[in-house]
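Residue-level structural notes
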Amino acid sequence: MINRMLISMVVLSIATSAHAGIAPKDASYFCVAEIAGGLRYNERTKKWEGATFKPDAKFVMRMKHLRSETRKDSRGKDEPAQVFDVTITPERGRVAETCLTPDVSVVFSSDRMRFRCLGVRHDYRFNLENNRFLLFGFFDGTDDNENTPAVTGGVCAKID
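Here's a quick rundown of the structure. (Residues numbered from 1 in each chain as written. Predicted model: local features only at pLDDT ≥ 70, side-chain atom pairs only at ≥ 80, totals over all residues. Heavy atoms only, no water.)

The way to describe two aromatic rings as a pair is by their centre distance and the angle between their planes. With the rule as written, the count across this model stands at six aromatic pairs. Taking the centre distance of 5.3 Å and the plane angle of 65 degrees together, the rings of Phe59 and Tyr124 count as edge-to-face. Residue Phe59 is found in strand E4 (residues 58–72), and its partner Tyr124 is found in strand E9 (residues 122–127); the two are separated by 65 residues along the sequence. Comparing Phe59 with Tyr124 shows no difference in burial state: the two are buried. Aromatic rings pair up to connect Phe59, Phe115, Tyr124, Phe126 and Phe133 into one cluster. (Phe/Tyr/Trp six-rings, centres within 6.5 Å; stacked < 30°, edge-to-face > 60°. Helix = DSSP H or I, 4+ residues; strand = E, 2+ residues; numbered from the N terminus. Buried < 20%, exposed > 50% of the residue type's maximum accessible area, 1.4 Å probe, protein only.)

Following this line, the structure appears as structure tokens:
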């Protein structure tokens, strides 16, 4: 139970400066894709080629504050950290996807307010300093267009 809880948490470490930006409270963001591209399999040439896709991703990213703690930064110095449970809910979906990212892959400081959310189907990257996101789709390895590799980029607006 404890391992499952640790896996579903995302730790956001913030610096002690006044402009750090993330307070220890819940927050929600509505995110909308602006651009999408990747690879598409060309049946005629039997080769993969670059492609532009319609950017249609829209979702709500929710951050539920769990606790405050002190962690070591990359230089071994203590710094304050906020622990959040992060979920992604697609606009057309009813089921929220919990981030499975281990807390070691998260970086959050006064000058780099960003983190990674590894979901079951997608890999999300958020930068809350500039309210941008990247969404990476997975590739199953077959030569068809059923599951093409793609990168989507867009913006997020705080909704509460």
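From this point, the discussion proceeds with the structure in view.
Turning to its location among the elements, Thr89 is positioned in strand E5 (residues 78–90). Distance from Thr89 to Met61, taken between C-alpha atoms, is 6.6 Å for residues 28 residues apart in sequence. The residues contacting Thr89, other than those within four sequence positions of it, are Phe59, Val60, Arg62, Val95 and Ala96. (Contact = heavy atoms within 4.5 Å.)

This part covers the pattern of salt bridges. Scanning the model with the defined rule gives five salt bridges in all. Its salt-bridge partner being Arg132, residue Glu34 comes within 2.9 Å of it at the nearest N-O pair. Of this pair, Glu34 sits in strand E2 (residues 27–42) while Arg132 sits in strand E10 (residues 132–137); the two residues are 98 residues apart in sequence, bridging distant segments of the chain. Note on Arg132: relative accessible area 38%, which makes it partly exposed. Across the pair Arg116 and Asp123 runs a salt bridge whose closest N-O atoms are separated by 2.9 Å. Shared partners join several salt bridges into a network, and the residues in it are Arg116, Asp123 and Arg125. (Salt bridge = Lys/Arg side-chain N within 4 Å of Asp/Glu carboxyl O.)

Considering only enclosed or pocket space, the largest pocket measures out at about 600 Å³ in volume. Of all the elements in the fold, those that place two or more residues in the lining of the largest pocket are E4, E9, E10 and strand E11 (150–158). For the lining of the largest pocket, the per-class residue count stands at 14 nonpolar, six polar and seven charged. (1 Å grid on protein atoms, 1.4 Å probe; cavity = no way out; pocket = protein on both sides within 12 Å on 5 of 7 lines; lining within 4 Å. Points joined across faces, edges and corners; volume = space filled by probe spheres on them. Nonpolar A, V, L, I, M, F, W, Y, C, P; charged D, E, K, R; others polar.)

Turning to the nonpolar core, a few remarks are in order. Proteins that are soluble and globular tend to have nonpolar side chains buried together. Counting residues in hydrophobic clusters, the biggest one holds 21 residues, and the most contacted among them are Tyr29, Phe59, Met61, Phe126 and Phe133. Those elements that provide at least two residues to this core are E2, E4, E5, strand E8 (113–118), E9 and E10. Ranked by residues supplied to this core, first place goes to E2 with four residues. In this structure, Phe126 is in contact with Cys31, Phe59, Met61, Ile88, Met113, Arg114, Phe115, Cys117, Arg132, Phe133 and Cys156, ignoring residues within four places of it in sequence. (Core = buried A, V, L, I, M, F, W, Y, C linked by side-chain atoms within 4.5 Å.)

This paragraph deals with the state of the cysteines. According to the stated counting rule, one finds two disulfides in the structure shown. With its sulfur 2.1 Å from that of its partner, Cys31 forms a disulfide with Cys156. Because the torsion about its S-S bond is 110 degrees, the bridge between Cys31 and Cys156 counts as right-handed. In this pair, Cys31 sits in strand E2 while Cys156 sits in strand E11, placing the two residues 125 residues apart along the sequence. Note that Cys99 is cross-linked by a disulfide to Cys117, the S-S spacing being 1.9 Å. Around the S-S axis, the bridge from Cys99 to Cys117 shows a dihedral of about -100 degrees and counts as left-handed. (Disulfide = S-S within 2.5 Å.)

All we've got here are geometric facts, nothing functional implied.
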